[in-house]
Amino acid sequence: MTVTVRFAPSPTGRIHIGNVRPALFNWLYAQKQGGSFILRFDDTDRERSTEEFAQSISEDLAWLGIKPDRVEKQSERFALYDAAAEKLKEAGLLYPCYETADELERRRNRARALGKPPIYDRAGLKYTDEQLEKFKEEGRTPHWRFKLPNHPEGDPFTFQRTEVHWDDVIRGRQTVDLASLSDPVLIRGDGTYLYTLPSIVDDADMGVTHVIRGEDHVANTGVQIAIFEALGAAVPFFGHHNLLTTASGEGLSKRSGALSISSLREAGYEPMAVCSLAVLTGTSHAVEPAANLEALAEMIDFTGISKSAAKFDPEDVGHLSAKIVHSLPFAEVKGRLETLGIEASEAFWNAVKENCSSIKDVTEWTPIAYGQITPVIAEEDRAFIAEAKELLPEEPWDETTWGTWTKAVKDKTGRKGKGLFMPLRQALTGLSHGPDLKSMLPLIGRQKTLDRLV
């Protein structure tokens, strides 16, 4: 069996790190199994779906390294959904219902008051001619519900059962009792489709073999398996992973923009920091930055995913990103530095990278090595700086020059420790912190050093 997976976002907003978790699980699993990955836009909501959001999702996935083998739009596939709906109607499994939202809510409240589960009573199967005529006069249009196989007597299915079972590739054996669920609405009163039917039709038509998604879809899976079987379609394997939440347990919202991938990219974080955090949080692996997606794919072990929520600290993105930046060789960043307008040397990169949380941070250090700065010299240190200037070694300079110079200054002035090093650092860099000056001094050069020791 060739593995085929999909990621089906709604282009109604920007995706965040929680959305990327299932996208990565699917992508990495397909890569590990030599399979294919489909990016399928659930854009049937014509009012809220936009091409701008679809484009931003594609760009975010590309930045993370996810390259779809196939891109589809559900808005271009309505004929397939119409045909499936007609098939279910003809089988008596998709039936019209005319209740308003208020009427349904009153029924649910009444059921709760009587201590009964608020399940739809299938009134839509029992309308009289008089009721139907009244609905027509009132201008009501029906929504359509799928008749779940949860009432064995008179059930049109060839099988009779109230429970659906499947072997979840992440959570193990799962059971959903359909008798505890209302018949799901598949078509709204305005004729538009909810997510369920288009998703099932597309999974079947595209040969999706594995559906890997969040645990909030477990109950939906029982319903969807029943619809797959009603359509005579092959049922894919399902896997439900835990959800990412904030450290306080709050869920992530696409509409709030919380930790959106575009904002993380714009902040300068490394894509592998985002990928590693999204995938490894809430698993048996330590949350450390993987070298690349291939290495991350090798870490994928569905049995090692926790059953509890995957809580993470947003600051971890920055910590992981900084670790990656500190380990990057010059060959990997040279082009990115040039994009920032920085013509840097390998010596410069090696000198400053430990002080960079992101590649963009390099711009903080380039003036110190290559440009002009404002020296910081306290009035009480002016005589000391003048003495240090007189002791400045001649060129050529290398990484031993700083040690040679400061030893000479120490011997002449008697200063040591912070009293020796801090005034020199502030004069040479204008800062009280920064890269090791033994590496920076040769980059600054003797003339700029003399100019700053004023």
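Our subject is the structure listed above.
This is a predicted model, so every value here is computed, not measured. (Residues numbered from 1 in each chain as written. Predicted model: local features only at pLDDT ≥ 70, side-chain atom pairs only at ≥ 80, totals over all residues. Heavy atoms only, no water.)

A. Expanded view of the overall build of the protein chain. A count of helical and extended segments in the protein chain gives 18 helices and 12 strands. Rg of the C-alpha trace for the protein chain: 32 Å, well past the compact-globule value of 22 Å for 454 residues, more than 25% over. With the C-alpha coordinates of the protein chain rotated into their principal frame, the extents come out at 105 × 45 × 40 Å. Taken over 454 residues, the protein chain has a buried fraction of 48%. In the protein chain, the share of contacts with a sequence separation of at least 24, taken over all contacts with a separation of at least 6, comes to 75%. Carbon together with sulfur atoms contributes 49% to the accessible area of the protein chain, which is approximately 21700 Å² in total. (Helix = DSSP H or I, 4+ residues; strand = E, 2+ residues; numbered from the N terminus. Rg over C-alpha atoms; globule rule 2.2 N^0.38 Å. Buried < 20%, exposed > 50% of the residue type's maximum accessible area, 1.4 Å probe, protein only. Contact = heavy atoms within 4.5 Å. Areas by Shrake-Rupley, 256 points an atom, 1.4 Å probe, with all protein chains shown as cover.)

B. Just unusual backbone geometry, in detail. Backbone torsion omega between glutamate 395 and proline 396 reads 10 degrees, so that peptide bond is classified as cis. Position of proline 396 relative to the elements: it lies in the loop between α15 (382–390) and α16 (401–413). Despite not being glycine, arginine 122 shows a phi value in the positive range, around 60 degrees. Inspection of the secondary structure assignment puts arginine 122 in the loop between α4 (101–113) and α5 (129–137). Given the relative accessible area of 8%, arginine 122 is considered buried.

C. Inspection of the pattern of salt bridges at higher detail. A full pass over the atoms with the stated rule returns 26 salt bridges. Arginine 107 serves as the salt-bridge partner of aspartate 121, at 3.3 Å between the closest nitrogen and oxygen. Of this pair, aspartate 121 sits in the loop between α4 and α5 while arginine 107 sits in helix α4, and the two are 14 residues apart along the sequence. Judged by its relative accessible area of 27%, arginine 107 falls in the partly exposed class. Of the charged contacts in the structure, one is a salt bridge between arginine 173 and aspartate 167, with a shortest N-O distance of 3.2 Å. (Salt bridge = Lys/Arg side-chain N within 4 Å of Asp/Glu carboxyl O.)

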